[in-house]
Amino acid sequence: MSETFTTEASPDPATEGDTAATAARQTGAEGVDGGVGLTALLVAAARAIETHRHDSLAQDVHAEHFVRAAPACVDWPVRIGQVPEGDANPLWGRFARYFGLRTRVLDDFVLGAVHDGARQVVLLGAGLDTRAFRLDLPPHCVVFEIDRAGVLAFKQQVLNDLSAAPRTKRVPVPVDLRADWATALTSTGFDPAAPSVWLAEGLLFYLPSPTETHLVETVDRLTAGGSALAFEAKLEKDLLAYRDSAIYTATREQIGIDLLDLFDLGPRPDSAGHLTARGWSTSMHTPFDFARRHGRGPLPEPNDALEGNRWVFARKPGP
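Conventions we followed
Residues numbered from 1 in each chain as written. Predicted model: local features only at pLDDT ≥ 70, side-chain atom pairs only at ≥ 80, totals over all residues. Heavy atoms only, no water. Core = buried A, V, L, I, M, F, W, Y, C linked by side-chain atoms within 4.5 Å. Buried < 20%, exposed > 50% of the residue type's maximum accessible area, 1.4 Å probe, protein only. Helix = DSSP H or I, 4+ residues; strand = E, 2+ residues; numbered from the N terminus. Pairing = 2+ DSSP bridges. Axes fitted to C-alpha atoms, helices over the stretch in contact; angles between N-to-C directions. Contact = heavy atoms within 4.5 Å. 1 Å grid on protein atoms, 1.4 Å probe; cavity = no way out; pocket = protein on both sides within 12 Å on 5 of 7 lines; lining within 4 Å. Points joined across faces, edges and corners; volume = space filled by probe spheres on them. Expected span 1.5 Å × (residues − 1). Polar contact = N/O pair within 3.5 Å; in protein donor to acceptor, adjacent residues only side chain to side chain. Phe/Tyr/Trp six-rings, centres within 6.5 Å; stacked < 30°, edge-to-face > 60°. Right-handed = clockwise from strand over helix to strand, strands pointing away.

1. With respect to the nonpolar core
In terms of nonpolar packing, the biggest core is built from 73 residues, with L41, W76, W92 and V197 touching the most fellow members. The biggest single contributor to this core is helix α4 (residues 90-115), with 13 residues. Among the nonpolar cores identified, the runner-up in size contains 31 residues, and I146, V175, L275 and V312 belong to it.

2. Focus: the sheet that holds strand β4 (residues 196-200)
Ordered in space as β3-β2-β1-β4-β5-β7-β6, the seven strands form an open sheet in which the pairing is mixed. What marks the edges here is a single partner per strand, and that holds for β3 (169-174) and β6 (281-285). Each strand of the sheet is rotated relative to its neighbour by a mean of 15°, with strand direction disregarded. In terms of strand pairing, β6 meets strand β7 (residues 309-315) through five bridges, oriented antiparallel. Note on β7: the bridge partner recorded for S281 is R315. This element, helix α12 (residues 287-294), spans β6 and β7 of the sheet and lies at about 85° to β7.

3. Observations concerning the environment of A132
Residue position: A132 is located in helix α5 (residues 131-134). Sequence-wise, A132 and P166 are 34 residues apart; in three dimensions their C-alpha atoms are separated by 5.3 Å. If we ignore the near neighbours within four places in the chain, the residues touching A132 are V143, E145, P166, R167, T168 and R170.

4. Concerning the environment of G295
With respect to the helices, strands and loops of the structure, G295 is situated in the loop between α12 and β7. For G295, a relative accessible area of 64% puts it in the exposed group. Residues G295 and D55 lie 240 residues apart in sequence; the distance between their C-alpha atoms is 9.9 Å.

5. Points about the layout of surface pockets
Approximately 220 Å³ is the volume found for the largest pocket. The wall of the largest pocket is formed by 16 residues, among which K234, L235, R268, P269 and D270 lie closest to the centre. Listed by contribution, the elements that provide at least two residues to the lining of the largest pocket are β5 (228-234) and α11 (271-277). For the lining of the largest pocket, the element with the most residues is β5, which contributes three residues.

6. So, helix α2 (residues 35-51)
In this model α2 runs 26 Å from its N-terminal to its C-terminal C-alpha over 17 residues, within 8% of the 24 Å that 1.5 Å per residue would give. Where burial is concerned, most of α2 is hidden: 16 out of the 17 residues are buried.

7. Notes on the environment of D238
With respect to the helices and strands, the residue D238 is situated in the loop between β5 and α9 (246-255). For the pair formed by D238 and S56, sequence separation is 182 residues and the distance between their alpha carbons is 33 Å. Within the local environment of D238, its side chain forms a polar contact with the backbone nitrogen of L240, the two atoms lying 3.1 Å apart.

8. Some details on the packing of aromatic side chains
For the coordinates displayed, the defined rule picks out 16 aromatic pairs. Relative to F99, the ring of Y98 has its centre 5.6 Å away and its plane inclined at 70°; by these criteria the two rings are edge-to-face. Across the pair, exposure class does not vary: Y98 and F99 are buried alike. Ring geometry for F290 against F313: centres 6.0 Å apart, planes inclined by 65°, an arrangement best described as edge-to-face. Taken together, the positions of F290 in helix α12 and F313 in strand β7 put the pair 23 residues apart, joining distant regions of the chain. Accessibility assignment for this pair places F290 and F313 in one class, buried.

9. With respect to the pairing of β4
Side chains on a regular strand alternate between the two faces of the sheet. Judged by how many residues are buried, β4 sits mostly within the fold: five of five residues are covered. Residues S196, W198 and A200 line one face of β4 and the alternating positions V197 and L199 line the opposite face, and both faces are buried. A crossover connection joins β4 to the parallel β5 through helix α8 (residues 209-222); in handedness this β-α-β unit is right-handed.

Here it is as structure tokens:
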């Protein structure tokens, strides 16, 4: 899952101090042992639970092995039957279902973009994403995984222990998103002239606003016509209004992850509008749209921490 980046330094000197403070708060450990890195394991556990469901929306046979390999989460469940309350548990029931649904929707997006001609997949803050191993991608497709060296090393060790082989060419790009990740990406073989599909899954709401804008501008600069981008956004004006929601409370109390302490609480940029102004076509959906479409997943409830979540799909017109 794409939850283990660190924030890129803001190009705006006026916000540099705030950005640095946010980065220091969010970075935590180099690998998956703390900070935002730990959320990659949360999403891996959710994918493992989804994998073992009889009505699974997404299959990831590697996910539970990441969970079991990390000391921080060896006691976390990887099957819903290991949770006493089952699906009534806000964390391992409803929230895990959310991550399972998100995985399926973005899987479909990647496969659709590749079918339409994308030859490169770029995972921004790749974390423990295993799409190079799970998805039926053609052999000419290349998957680039951008994340910190410690995260990618942990993932590679687990995959090596499983003797897992990717279904297509996979290129890890060990670089912090605060550094010059664009140069690191192109130096490993990414071709800005070739159609690509980009994912920023579970990423942008951790970033300060100027950093998100810079990242989106960089993607636009590196993206050829006929390419696609999917990202997740949060539209709440006050995230702290949901501090006592069932999902955030359960995540804090059951596994010690305070998501609101990791999210950037400042105003969010209109990245979808920014892309539209640059000629992209964009569409925005709630997760509940897809829950209804697939017949499973979270639906709205009172004091809902998912209320402001949006999934944005953007396409850059071809030549």
